[in-house]
Structure formats: C-alpha cells, structure tokens
Amino acid sequence: MKVKVIIERGSDGSYGAFIGSTSIPFGIIGDGKTVQEAKEDFLNSYEEMKVYYSENNKKFTDCEFEFQYDVASFLSYYGAILSLAGMERLTGVNQGQLSHYVTGRRKPSKKTIEKIESKLQAFGKELNQVEFI
C-alpha cells in the first residue's frame, strides 16, 4: 500500500515526518534535526511497528512511502543540490524570499507554493525528456 508521509519543519527548526492519511490501522512519526534524520527516524518507527505487530500476532499492513515536503523542508533537504540562486532562476521566486522560508522567518502563500510546485514539476518533465548521445 502506498502511503503519503508529510515532512514539515517545526518552529524550533527541527523536522517531523508523519503519515498524512488514516488509511492504515497505525500511526508512525519521526523527528530529527535534519530532514534526513526525520525520515530515518520515521522508517525506524515503521520497522518497530512491524515487530510489535508480529510479537502480538496482529496482521500488519506493509507500506511503500511517498514523502511530501513543506517548502522549508524541501528547500533544506535539496539545498545541497539546488542552490537558492538556482531555485530563483527555476521558479522566479527571489532567493532572499526562499531563504526566509528555509529559516522559518516567513511562510509562503498558497499561490507561491503552487508556483514553486508547478515550476519544479515542469522542470522534472523536461528532465524526463532528456536523452544524451
């Protein structure tokens, strides 16, 4: 079963990962100082839940996770690959503004989120069409 996991940056600068729906009979959370730590903690909690279900002779729902990010978490996680200057060129959103989102000083509007998403998705589609010779 595919399950959406939401990764968000907390007001204290840490990151949390949690299941975004109630389609499975258990809840799992993860947290950490970085997005990667939150993901690892989440996956560890999933493995612990598997063991718990097994030890209690309960039927366990195996899951495949699809991680979704808030803007701050996305920019933080992919910041080593996509610089804020590059993100500005790609999305048209000023890198100073993007920096505010990363640090949590500001939250993007719904319109800005949609703009960033659509530009990144268009970029991804373009990458899928690339062929090297």
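Residues numbered from 1 in each chain as written. Predicted model: local features only at pLDDT ≥ 70, side-chain atom pairs only at ≥ 80, totals over all residues. Heavy atoms only, no water.

Undergrad: Mind laying out the nonpolar core, listing which residues take part and the relevant values?
TA: Core analysis: the biggest nonpolar cluster contains 18 residues, and Phe26, Phe42, Tyr46, Cys63 and Phe65 have the highest contact counts within it. Elements with a minimum of two residues in this core: strand S1 (2–9), strand S2 (15–19) and helix H1 (35–55). If we ignore the near neighbours within four places in the chain, the residues touching Phe65 are Val3, Val5, Phe42, Leu43 and Tyr46. (Core = buried A, V, L, I, M, F, W, Y, C linked by side-chain atoms within 4.5 Å. Buried < 20%, exposed > 50% of the residue type's maximum accessible area, 1.4 Å probe, protein only. Helix = DSSP H or I, 4+ residues; strand = E, 2+ residues; numbered from the N terminus. Contact = heavy atoms within 4.5 Å.)

Undergrad: Break down helix H4 (residues 95–103) for me, citing the residues and quoting the values.
TA: With a side-chain oxygen lying 2.6 Å from the backbone nitrogen of Gly96, the N-terminal cap of H4 falls on Asn94. Gly104 sits one or two positions beyond H4 and adopts a positive phi of about 85 degrees. (Polar contact = N/O pair within 3.5 Å; in protein donor to acceptor, adjacent residues only side chain to side chain.)

Undergrad: Residue-level account of the pattern of salt bridges, with values.
TA: All chains considered together, the criterion is met by three salt bridges. When salt bridges that share partners are traced, they join Glu47, Lys50 and Asp62 into one network. (Salt bridge = Lys/Arg side-chain N within 4 Å of Asp/Glu carboxyl O.)

Undergrad: Now, about the packing of aromatic side chains: what can you tell me, with residues and values included?
TA: If you walk through the whole model with that rule in mind, you get 13 aromatic pairs. Judged by centre distance (6.1 Å) and plane angle (80 degrees), the ring pair of Phe42 and Phe67 falls under edge-to-face. Linking Phe42 in helix H1 with Phe67 in strand S4 (residues 64–69), this pair joins segments that are 25 residues apart in sequence. Overall, the relative accessible area of 22% leaves Phe67 in the partly exposed class. Look at Tyr46 and Phe60: their rings are 5.4 Å apart centre to centre, the planes differ by 55 degrees, and that puts the pair in the tilted class. Separated by 14 residues along the polypeptide, Tyr46 in helix H1 and Phe60 in the loop between H1 and S4 bring together distant segments of the chain. Taking relative accessible area as the criterion, Tyr46 reaches 5% and is therefore assigned buried. Accessibility expressed as a relative area gives 16% for Phe60, which makes it buried. A network of ring pairs unites the aromatic residues Phe26, Phe42, Tyr46, Tyr52, Tyr53, Phe60, Phe65 and Phe67 as a single cluster. (Phe/Tyr/Trp six-rings, centres within 6.5 Å; stacked < 30°, edge-to-face > 60°.)

Undergrad: Would you mind going over the pairing of S1 in detail, with residue names and values included?
TA: Burial along S1 is one-sided: the residues Val3, Val5, Ile7 and Arg9 are buried and none of Lys2, Lys4, Ile6 and Glu8 is. The sheet contact formed by S1 and S4 spans six bridges and is parallel. Bridging from a neighbouring strand, Ile6 pairs with Gln68 of S4. Inspection of the sheet shows S1 paired to S2 by five bridges, in the antiparallel sense. Looking at S2, one finds that Glu8 is bridged to Gly16. Linking S1 back to S2 in an antiparallel pair, the connection comprises five residues, with Gly13 at a positive phi of about 95 degrees. (Pairing = 2+ DSSP bridges.)

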